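Secondary and tertiary structure notes
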Amino acid sequence: MNGKRCVGTASRAAAAVIAVSGPAGAEPAATTYGTSTSVGVHNAYEKEKYRYFADALDSGAALLELDLWSNALGRSWRVSHSNPLGNNSNCEGAANASELRTKSRDQDFAGCLSDMRAWHDAHPGHRPILLKIEMKDGFNAKGGRGPAEFDALIRQKLGDAVYGPGDLTGGHATADEAVRAGGWPSRADLAGKFLFELIPGTVEEKNPFDKLWTDVEYAGHLKDLAAQGKLAQSTAFPAVHGAAPGDPRERYADPALRPWFVVFDGDAPTYLNGSIDTSWYDTRHYLLIMTDAHNVPPVIDGTHPTEAEALARVRQLAAAHASFATADWYPLPSVLKTVVPRGA
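First, a word on scope: everything that follows refers to the structure included in this document. Since the model is a prediction, treat every value here as computed from it, not as a measurement. (Residues numbered from 1 in each chain as written. Predicted model: local features only at pLDDT ≥ 70, side-chain atom pairs only at ≥ 80, totals over all residues. Heavy atoms only, no water.)

1. So, helix α3 (residues 109-122)
- Helix length check: α3, at 14 residues, gives a terminal C-alpha distance of 20 Å against a target of 20 Å (1.5 Å per residue), a fit within 8%.
- For α3, the complete set of buried residues consists of F109, A110, G111, C112, L113, S114, D115, M116, A118, W119 and H120.
- Against α2 (53-58), β2 (63-69), β3 (78-79), β4 (129-135), α4 (147-158) and β5 (194-200) lie the buried residues of α3.
- N-capping of α3 is provided by D108, with a side-chain oxygen placed 3.2 Å from the backbone N of A110. (Helix = DSSP H or I, 4+ residues; strand = E, 2+ residues; numbered from the N terminus. Expected span 1.5 Å × (residues − 1). Buried < 20%, exposed > 50% of the residue type's maximum accessible area, 1.4 Å probe, protein only. Contact = heavy atoms within 4.5 Å. Polar contact = N/O pair within 3.5 Å; in protein donor to acceptor, adjacent residues only side chain to side chain.)

In structure tokens:
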């Protein structure tokens, strides 16, 4: 295929995406959270991407990722890519909207949540935003940083601005039963809400001494809360991490944990390599997060593709039933705001 034809194809695909998504920030009509595809930013707390976390919230992205550390010698939930002992983040801990972009950065998770609350109060009815939390070294319940403390901190900072498993489950027995029966709410009903996704971290997954990963620990927490009638206290959706064929939840030895997983997160090239039936997720209304969207062949730039290339890739992943396509496309706010029908 010659260069002119490639450009023309990408341009037509981009035009199709824009036609579906409408003006920047607009939501497609008659879509729910489970029947739409949107765009996320990897490690949005990094100062090289956004000077302040408020800038990431302003970006229009539907998913923003944070890396948390809970173990080692620190007392708080540290926000950093590689330093387990301290914070390296664009979060500032603003008490209100007037303090956004005025305070010292490098604050911990509580500081990021404070920024989110301040921004939320200044933007009522904002788009639903999924916070993807990578627990780099897992929970630390013995150190006071377990699932219950995680929930308590989020509820303290964000209150009813959170849409959690209790909201989704409603009168159903499990999250799986809820989404398969009725799916996710409309995007309009989720306006002004934050959702949280939890995945095991890179350090945790490589630690031979860690026998209780984030996904299993939090799913057990949800199961216990449901049994106690306290599911409304929960704040996050644990994700099955890693693209795999079939039902990836079968990896969990305890079958009682499996119905608490309705979010799946893995490598986009693996999901699209022909070995996985991604329609399985869509027909069951599960959320499917495809990471490293740029690496799907033909590979495009992970940070600075053309707008046409990035929009065409979003459309490609939407057709493959992704709920979210993520990369480091922070320089392209028009792409970050894109929302298209899933599976179309």
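2. With respect to the packing of aromatic side chains
- This structure, assessed with the given rule, holds 17 aromatic pairs.
- On the numbers, 5.9 Å between centres and 70° between planes, the contact of Y33 with F324 is edge-to-face. Of this pair, Y33 sits in the loop between α1 (3-21) and β1 (36-41) while F324 sits in strand β9 (residues 324-327); the two residues are 291 residues apart in sequence, bridging distant segments of the chain. Both residues of the pair, Y33 and F324, belong to the buried class. (Phe/Tyr/Trp six-rings, centres within 6.5 Å; stacked < 30°, edge-to-face > 60°.)

3. Topic: the pairing of β5
- Burial analysis of β5 places seven of its seven residues in the buried class, the great majority of the element.
- The pairing of β4 with β5 spans seven bridges and is classified as parallel. Within β5, the position partnered with I133 by the bridge is L198.
- As paired elements, β5 and strand β6 (residues 236-241) share three bridges and run parallel to each other. (Pairing = 2+ DSSP bridges.)

4. Here we look at the state of the cysteines
- Counted under the stated rule, the structure contains one disulfide.
- Disulfide pairing places C91 opposite C112 at an S-S distance of 2.0 Å. Sign of the S-S torsion, about 95° for the bond between C91 and C112, identifies this disulfide as right-handed. Taken together, the positions of C91 in the loop between β3 and α3 and C112 in helix α3 put the pair 21 residues apart, joining distant regions of the chain. For the residue pair C91 and C112, the accessibility class agrees, reading buried in each case. (Disulfide = S-S within 2.5 Å.)

5. Examining the side chain of D210
- You can see D210 is positioned in the loop between α7 (202-206) and α8 (214-227).
- Summary of buried charges: D210 has no salt-bridge partner, and the nearest side chain of opposite charge, K211, is 8.4 Å away.
- Among residues more than four places away in sequence, those in contact with D210 are D137 and E204. (Lys, Arg positive; Asp, Glu negative; His and termini not counted. Salt bridge = Lys/Arg side-chain N within 4 Å of Asp/Glu carboxyl O.)

6. Let's talk about the pairing of β9
- Side chains F324 and T326 of β9 all project onto a buried face; the interleaved residues A325 and A327 project onto the opposite face, where all are buried too.
- Across four bridges, the pairing between β1 and β9 is parallel. Bridge pairing in β9 places V39 opposite A325.
- Direction of pairing for strand β8 (residues 287-291) relative to β9: parallel, over a ladder of two bridges. When the bridges of β9 are listed, M290 appears paired with A325.
- On the question of chirality, the crossover connecting β8 to the parallel β9 by way of helix α11 (residues 307-319) is right-handed. (Right-handed = clockwise from strand over helix to strand, strands pointing away.)

7. Things to note about the side chain of S36
- Counting through the fold element by element, S36 comes out in strand β1.
- Of the polar contacts made by the side chain of S36, one reaches the backbone oxygen of T32; its length is 3.0 Å.
- In this structure, S36 is in contact with T31, R187, A322, S323, V339, V340, P341 and R342, ignoring residues within four places of it in sequence.

8. Things to note about the packing of α4 against α8
- Their axes nearest at 10 Å, the elements α4 and α8 cross at an angle of 75°. Regarding the angle of α4 to α8, the classification is roughly perpendicular. Taken together, the residues of α8 that come into contact with α4 (itself represented by P147, A148, F150 and D151) are E217, Y218, H221 and L225.
- By residue class, the composition of the contact of α4 with α8 is five nonpolar, one polar and two charged. (Axes fitted to C-alpha atoms, helices over the stretch in contact; angles between N-to-C directions. Parallel < 35°, antiparallel > 145°, perpendicular 65-115°, else oblique. Nonpolar A, V, L, I, M, F, W, Y, C, P; charged D, E, K, R; others polar.)

9. Regarding unusual backbone geometry
- Geometrically, the link from P297 to P298 is a cis peptide bond, its omega value of -5° lying close to zero.
- Relative to the assigned elements, P298 resides in the loop between β8 and α11.
- Located in the positive-phi region is H285, a residue other than glycine, with phi close to 65°.
- One non-glycine residue, H321, adopts positive backbone phi at about 80°.
- Mapping H321 onto the fold places it in the loop between α11 and β9.
- Overall, the relative accessible area of 17% leaves H321 in the buried class.

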